[in-house]
Amino acid sequence: MHTLRLAALSAGLKAKKFSSAELTRGFLQRIAAHDKQLNAFVTVAEESALKQANAADARLAKGQAVALTGVPLAQKDIFCTQGVKTTCGSKMLANFIAPYSATVVQRCDDAGMVMLGKTNMDEFAMGSSNETSYFGPVRNPYDLNAVPGGSSGGSAAAVAARLAPIATGTDTGGSIRQPAALCNLTGLKPTYGRVSRYGMIAFASSLDQGGPMARSAEDVALLMNVIAGFDSNDSTSVDTPVPDYTADLTKSLAGLRIGIPKEFFGQGLDTKVEQVIRDALKQYERLGAKIKEISLPNSGLSVPTYYVVAPAECSSNLSRFDGVRYGYRCDQPVDLVDLYKRSRGEGFGAEVKRRIMIGTYALSSGYYDAYYLKAQKLRRLISDDFKNAYKEIDVIMGPTSPTVAFNLGEKTDDPVTMYLSDIYTIAVNLAGIPGMSIPVGFVGQRPVGLQLMGNYFDEARLLNIAHQYQQATDWHLRAPKGFE
Amino acid sequence: MSLSKADVEKIAHLARLAISEQDIELYSRNLSNILALVEQMNKVDTSAVLPMAHPLDTAQRLRDDVVTETNQRETFQAIAPQVDCGLYLVPQVLE
């Protein structure tokens, strides 16, 4: 059952080939058997999962099921879940049980989906390798010496290893797309505002966006149908109609105009990765698409711009962790400042502290114009590059990551080297447009992802473009050895 | 921009982060490297560019000024490190 994708799981449940309880127990057993190797889960919610599964079975029996009723999923541990621990990968929240559920979680619950557990992640989603988690690194099921990517590394490893049929992730600078690429998955970062951020622990509020990570574009579309849409609890949620994301999957790509930004194929791109990407583009030509070279002249400044905007917003957001209202508190504080400083100093890991300090510095008196304001101006230039490009093309394609998955420990000494892993994904967050990564091949045993970047609210088109490729190829069906 | 030990101490204080003495040097090196990366921004003249605060360039949505929240003090305080009689406890602030 663990090899089935969402449509087949849903059909099997409705046809009574298996029950949600059987399905759930099957996945819980796989987690118990395999997750010691991977460390993909921070919390396995066995008890609540079986309860949800039984409720789903009752709903199925009464004929009140919707598309994904009874289908299990894993939630990234950044989404608050009432009654189940939400750690955000941090010592700060190691024992935190949220008093309410995130809208994304609530919508999955309302659809009758079964939450298997909460997946490991870089601490507060700050990282590209899942190595900053307080709960230890996650391993890539395709090669246990390699990182799964990050920050949604646990979700990526869990779905790739068939420990969950699908999972949620969040993406502030590439945290859905890059781990999807490194673990041979299909991941979608929706347009900013498309999926509610309510109850999704904030890192950089103008960039964060949640989305699905799955084994096919069709699966992503099915979960988008559950989680996307307006939420009055999120003041940045966008109130525009939500399409049926599965409706356009089968449309032909004849005449599709693909833009290839020359800046995404320069120095820094691994030549073997480039070859795999070029082969994928040829496949798109065979599907009837036309390819045109374009330029995103300011995209090279995405990483520096991001490392002002994201830390500035993070320093502000993470000021809420004060050791007073919830989360970690230090022992025996001598006074209030000592309580703040030691609770935060002991509760946050090194990468989180670095980013808080960079943000604090960039926002401090006398530096605002040189850093934050400058970055906001560059953000407009980067965003305008995309707007100009979409005047003559429909979708932009390029590599998701400059290399395949790197080895554990390979980039932990120098933060800047790690930051450059997201060189191709960050511009999408700065502009707020939707982006995807889809499996397009391997270098050795490590997967390569192709990035698709669409215009605002073009998720359905991106999913169509991804699905058509997946009808013609089988890269997305390859399973990691030992986890088939 | 290179940050000295004193700069790091000042920033850590502003951010209310306790940093151990032996880590300060590493932070000053790391943060200086990050700022060197960030300063690539200066390659572009942005004097005529409007800053972008929101990816969709929209304004904050407003709602009617009505009470929508119910009092959930007990629920929220159930997860607090230290409370007494409905109050959050911190070390003494006033002499």
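Above: the structure in question.
Note that this is a predicted model, so its numbers are computed, not measured.

Asks: Lay out the interface of chain B and chain A in plain terms, naming residues and giving numbers.
Replies: One widely used convention gives an interface's size as the accessible area the parts lose upon coming together. Chain B puts 50 residues into the contact, and the matching count from chain A is 71 residues. Interface area for chain B against chain A, summed over the two sides, is near 5,100 Å², with a carbon-plus-sulfur share of 70%. Linking chain B to chain A there are zero salt bridges. For the interface between chain B and chain A, the tally reads 16 residue pairs in polar contact (both at pLDDT 80 or more). Taken together, the elements giving at least two residues each to the side of chain B that touches chain A come down to α1 (5–14), α2 (24–38) and α3 (73–77) of chain B. For the side of chain B that touches chain A, the leading source of residues is α2(B), giving eight residues.

Asks: Please give an account of the packing of aromatic side chains that cites residues and values.
Replies: Residues and elements named next belong to chain A. All told, the structure shown has 18 aromatic pairs over all chains when counted by the stated rule. When the centroid spacing of 4.6 Å and the interplanar angle of 35° are considered together, the rings of Y361 and Y367 count as tilted. For Y361, a relative accessible area of 5% puts it in the buried group. What makes Y367 partly exposed here is its relative accessible area of 31%. An aromatic cluster of at least three residues, connected via ring pairs, comprises F96, F124, F321, Y326 and F348.

Asks: Give a description of the nonpolar core that names residues and reports values.
Replies: All names here are of chain A. In this structure, F124, Y284, F386, M397, L450 and L452 are the most contacted members of the largest nonpolar core, which totals 165 residues. Sequence-distant contacts of L452, that is, excluding residues within four places in its chain, are made with Y284, V395, I396, M397, P434, G435, M436, I438, L462, I465 and A466. Grouped together as the second largest cluster of nonpolar side chains are seven residues, A146, V147, A181 and F406 included.

Asks: Give me unusual backbone geometry: which residues, what numbers.
Replies: Trans peptide bonds make up the majority, and among non-glycine residues the majority have a negative phi. The omega torsion of the bond from G150(A) to S151(A) falls at 10°, within 30 degrees of zero and hence cis. Positionally, S151(A) belongs in the loop between β3 (114–119) and α5 (153–160).

Asks: Before we move on, can you summarise empty space enclosed by the protein with the specific residues and values?
Replies: Residues and elements named next belong to chain A. Under the counting rule described, the total for this entry stands at two cavities of 30 Å³ or more. Taken as a whole, the largest cavity holds about 50 Å³ of empty space. A125, G127, S175, Y306 and D422 are the residues nearest the centre of the largest cavity, which is lined by 13 residues in total. Taken together, the residues that form the lining of the largest cavity break down as five nonpolar, six polar and two charged. Within this model, the second largest cavity holds a volume of roughly 40 Å³. Lining the second largest cavity, in full, are A181, L182, V273, S401, T403, V404, P447, V448 and G449. Elements with a minimum of two residues in the lining of the second largest cavity: α6 (177–182) and β11 (446–453). Counting residues per element, the lining of the second largest cavity draws most heavily on β11, which supplies three residues. Of the residues in the lining of the second largest cavity, the class split is six nonpolar, three polar and no charged.

Asks: How would you explain the environment of R194(A) if you had to name every residue and give the values?
Replies: Residue and element names in this part refer to chain A. On the secondary structure map, R194 appears in the loop between β5 (186–189) and β6 (210–214). We classify R194 as buried; its relative accessible area is 2%. Sequence-wise, R194 and L116 are 78 residues apart; in three dimensions their C-alpha atoms are separated by 25 Å.

What counts, and at which threshold
Residues numbered from 1 in each chain as written. Chains lettered and ligands numbered in written order. Predicted model: local features only at pLDDT ≥ 70, side-chain atom pairs only at ≥ 80, totals over all residues. Heavy atoms only, no water. Contact = heavy atoms within 4.5 Å. Buried area = accessible area lost by both parts, 1.4 Å probe. Salt bridge = Lys/Arg side-chain N within 4 Å of Asp/Glu carboxyl O. Polar contact = N/O pair within 3.5 Å; in protein donor to acceptor, adjacent residues only side chain to side chain. Helix = DSSP H or I, 4+ residues; strand = E, 2+ residues; numbered from the N terminus. Phe/Tyr/Trp six-rings, centres within 6.5 Å; stacked < 30°, edge-to-face > 60°. Buried < 20%, exposed > 50% of the residue type's maximum accessible area, 1.4 Å probe, protein only. Core = buried A, V, L, I, M, F, W, Y, C linked by side-chain atoms within 4.5 Å. 1 Å grid on protein atoms, 1.4 Å probe; cavity = no way out; pocket = protein on both sides within 12 Å on 5 of 7 lines; lining within 4 Å. Points joined across faces, edges and corners; volume = space filled by probe spheres on them. Nonpolar A, V, L, I, M, F, W, Y, C, P; charged D, E, K, R; others polar.

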